[in-house]
Amino acid sequence: MGFDDPYFQPPTELSDAEARAYEEKIVELLRDALLPSAGPVFFVEAVELRGKRPDTEVIIRYRDSRKAGLLGRRSRPWQEFIESWQGHLPGAASIGSAIYSRWHDGTLEPVTEE
């Protein structure tokens, strides 16, 4: 499939391997946008993929200059952005952009267990 193209809209019926390739493209785009990322308060250290569809999580690990230790925020792309789509899924760039916007808005869910 055309997962090298961030705007490729895959069909909703994906094999596990195709779904993972789609998820990996989303994470690759987020890494390109966020790493290295240093602001006055936050420093992003990693963008990780955890779990399997439909429970896949994209974890953004960061440091906050006001707190000690490594923190994390998560998105669940299949549940938050994808599962209601029919026909073709949005391109990885669209999902990556939505997660990126939620990161900057501060609306991603905190990771509570490490």
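Above this text you will find the structure in question.
Student: What is the right way to look at unusual backbone geometry in this model?
Tutor: If a residue is not glycine, its phi is most likely negative; likewise, a peptide bond is most likely trans. Cis peptide bonds are those with omega within 30 degrees of zero, and the linkage from R53 to P54 qualifies with 10 degrees. Here P54 shows up in the loop between β2 (42-50) and β3 (57-64).

Student: Mind showing me how you'd approach the nonpolar core here?
Tutor: A general trend in soluble globular proteins is that nonpolar side chains are found buried together. Core analysis: the largest hydrophobic core is formed by 22 residues, its most contacted members being Y22 and I99. Ranked by the residues each element gives to this core, the list is headed by helix α1 (residues 16-34), at six residues.

Student: Which parts of the structure should I look at to understand the side chain of E57?
Tutor: Topologically, E57 is positioned in strand β3. In this structure E57 touches E48, L49, R50, R74, S75 and R76, once residues within four positions along its chain are discounted.

Student: Please explain the environment of W78 as it appears in this structure.
Tutor: Structurally, the position occupied by W78 is in helix α2 (residues 77-82). Apart from the residues lying within four places of it in its own chain, the contact partners of W78 are L14, A19, Y22, E23, R53, P54, T56, E83 and L89. Reaching out from W78, the side chain makes a polar contact with the side chain of E23 at a distance of 2.5 Å.

Student: Looking at this model, I keep getting lost on helix α3 (residues 92-105). Mind explaining?
Tutor: For an α-helix, the turn length of 3.6 residues means that residues three or four places apart are oriented alike. Between the first and last C-alpha of α3 there are 20 Å, a value that for 14 residues agrees with the 20 Å anticipated at 1.5 Å per step. Listed as buried for α3 are A92, A93, I95, G96, I99 and W103. Buried residues along α3 cover an arc of 165 degrees about the axis, so they all sit on one side. Those residues of α3 that are exposed and aimed more than 90 degrees away from the buried face are H104 and D105. As for α3, its buried residues are in contact with α1, β2, β3, β4 (70-75) and α2.

Student: Sorry, what's going on with the pairing of β3 here?
Tutor: Consecutive side chains along a regular strand alternate between the two faces of the sheet. Where burial is concerned, most of β3 is hidden: seven out of the eight residues are buried. Direction of pairing for β2 relative to β3: antiparallel, over a ladder of eight bridges. Residue pairing across strands places A46 opposite R61, the latter belonging to β3. Following β2, the chain reverses through six residues before pairing antiparallel with β3; G51 in that reversal takes a positive phi of roughly 85 degrees. Both β3 and β4 contribute to a ladder of six bridges, which runs antiparallel. The residue bridging V58 from the neighbouring strand is S75, located in β4. From the end of β3 to the start of β4, which pair antiparallel, there are five residues, and G69 there has a positive phi angle of about 90 degrees.

Student: When you look at the environment of E109 in this model, what are you seeing that I'm missing?
Tutor: Along the chain, E109 turns up in strand β5 (residues 109-110). Ignoring sequence-local partners within four residues, the contact set of E109 consists of G72, R73, R74 and R76. Side chain to side chain, E109 and R76 meet in a polar contact 2.5 Å long.

Calculation notes
- Residues numbered from 1 in each chain as written.
- Predicted model: local features only at pLDDT ≥ 70, side-chain atom pairs only at ≥ 80, totals over all residues.
- Heavy atoms only, no water.
- Helix = DSSP H or I, 4+ residues; strand = E, 2+ residues; numbered from the N terminus.
- Core = buried A, V, L, I, M, F, W, Y, C linked by side-chain atoms within 4.5 Å.
- Buried < 20%, exposed > 50% of the residue type's maximum accessible area, 1.4 Å probe, protein only.
- Contact = heavy atoms within 4.5 Å.
- Polar contact = N/O pair within 3.5 Å; in protein donor to acceptor, adjacent residues only side chain to side chain.
- Expected span 1.5 Å × (residues − 1).
- Arc of directions from axis to C-beta.
- Pairing = 2+ DSSP bridges.

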